[in-house]
Amino acid sequence: MTLLFSARYRATGVFIALAGLLGCCIASTDGLINVYRILLPDQTWADGSYPYPSNFWEINALLNHVSLSLLAFGIVALLLTREPDEYLYHLRLESIQFAVYAQFVVGLLAFAYFYFTPGYHIENAFAAITAFVSATFLLAYLIRYYVIAYFKQGND
């Protein structure tokens, strides 16, 4: 007996994973600063800078952690849904395997880039590498699964 979610949670998993990915992008590229500027445009100082709250970087770190959690939960919800037939079940397993290989290669390349590039500290780039590698897994899985399931199935 396998414990899988109903197939209706697949779209929810994709939405949660994409929301987590968006949150990671906002938190890791100083995007929260830009969101703050968009939400409160009238609170600029004379030199054009913004008075950020004293706990701004703690909020940014919290957004990053919550986003990574949402990304992981969305991927798990996506992968643990039932498939209507054996062909799609087999395709899902092949797509997961392909996505793991893609994630491994991209993770090694990203780690090597940040490790060997002068001026970067790996502890500062860990969240960015994690988000990038998770996004690679999600996108590789979705692209392979849906391209084969919906475009190549009609050609057979």
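Before reading on, note that the structure itself is shown above.
Residues numbered from 1 in each chain as written. Predicted model: local features only at pLDDT ≥ 70, side-chain atom pairs only at ≥ 80, totals over all residues. Heavy atoms only, no water.

Here the focus is the pattern of salt bridges. Under the definition given, this model contains one salt bridge. With its nearest N and O atoms 3.8 Å apart, the salt bridge here joins Arg 144 to Glu 94. Of this pair, Arg 144 sits in helix 5 (residues 122-152) while Glu 94 sits in helix 4 (residues 86-116), and the two are 50 residues apart along the sequence. (Salt bridge = Lys/Arg side-chain N within 4 Å of Asp/Glu carboxyl O. Helix = DSSP H or I, 4+ residues; strand = E, 2+ residues; numbered from the N terminus.)

The next point concerns the packing of aromatic side chains. One pair of aromatic rings is described through two measures. These are the centre distance and the angle between the planes. Counted by the stated rule, this structure contains three aromatic pairs. A ring pair is formed by Tyr 145 and Tyr 146, whose centres lie 5.0 Å apart and whose planes are at 90°; its orientation type is edge-to-face. Relative accessible area serves as the criterion here: at 2%, Tyr 145 is assigned to the buried category. Consider the rings of Tyr 146 and Tyr 150, whose centres lie 5.6 Å apart with planes at 5°: the pair is stacked. Residue Tyr 146 and its partner Tyr 150 are located together in helix 5, separated by four residues, close to a single helical turn. Judged by its relative accessible area of 58%, Tyr 150 falls in the exposed class. Grouped by ring-pair contacts, the aromatic residues Tyr 141, Tyr 145, Tyr 146 and Tyr 150 constitute a single cluster. (Phe/Tyr/Trp six-rings, centres within 6.5 Å; stacked < 30°, edge-to-face > 60°. Buried < 20%, exposed > 50% of the residue type's maximum accessible area, 1.4 Å probe, protein only.)

This part covers the nonpolar core. Core analysis: the biggest nonpolar cluster contains 19 residues, and Leu 71, Ile 75, Leu 78, Leu 91, Leu 138, Tyr 141 and Leu 142 have the highest contact counts within it. Listed by contribution, the elements that provide at least two residues to this core are helix 1 (9-28), helix 3 (56-79), helix 4 and helix 5. In terms of residue count, helix 5 provides more of this core than any other element does, nine residues in total. When near neighbours in sequence (up to four residues on either side) are disregarded, Leu 91 contacts Tyr 145, Ile 148 and Ala 149. Judged by nonpolar contacts, the second largest core, of five residues, contains Ala 110, Ala 125, Ile 129 and Val 133. (Core = buried A, V, L, I, M, F, W, Y, C linked by side-chain atoms within 4.5 Å. Contact = heavy atoms within 4.5 Å.)

Okay, the side chain of Ser 95 next. Position of Ser 95 among the secondary structure elements: in helix 4. Given a relative accessible area of 0%, Ser 95 falls into the buried group. Here Ser 95 is in contact with Tyr 141, Arg 144 and Tyr 145, once residues within four sequence places are set aside.

Tracing the chain through its elements places Glu 83 in the loop between helix 3 and helix 4. What Glu 83 contacts, discounting residues up to four positions off in sequence, is Arg 10, Leu 88, Tyr 89, Arg 92 and Tyr 145.

Attention now moves to the side chain of Asn 64. Counting through the fold element by element, Asn 64 comes out in helix 3. Its relative accessible area of 11% is what places Asn 64 among the buried residues. The residues touching Asn 64, leaving out its near neighbours within four places in the chain, are Cys 24, Ala 27 and Ala 127.

Before going further, it helps to examine the packing of helix 1 against helix 3. At their nearest, the axes of helix 1 and helix 3 sit 7 Å apart, and the two run at 155° to each other. Considering their axes alone, helix 1 and helix 3 lie roughly antiparallel with respect to each other. Along this stretch, helix 1 crosses helix 3, giving a crossing that reads as left-handed. Note on element contacts: helix 3 touches helix 1 through Asn 60, Leu 63, Asn 64, Ser 67, Leu 68, Leu 70, Leu 71, Phe 73, Gly 74, Ile 75, Ala 77 and Leu 78, opposite Tyr 9, Arg 10, Gly 13, Val 14, Ile 16, Ala 17, Gly 20, Leu 21, Gly 23, Cys 24, Ile 26 and Ala 27. Looking at side-chain class alone, the contact of helix 1 with helix 3 contains 16 nonpolar, seven polar and one charged residues. (Axes fitted to C-alpha atoms, helices over the stretch in contact; angles between N-to-C directions. Parallel < 35°, antiparallel > 145°, perpendicular 65-115°, else oblique. Left-handed = near helix turned anticlockwise from the far one by under 90°. Nonpolar A, V, L, I, M, F, W, Y, C, P; charged D, E, K, R; others polar.)

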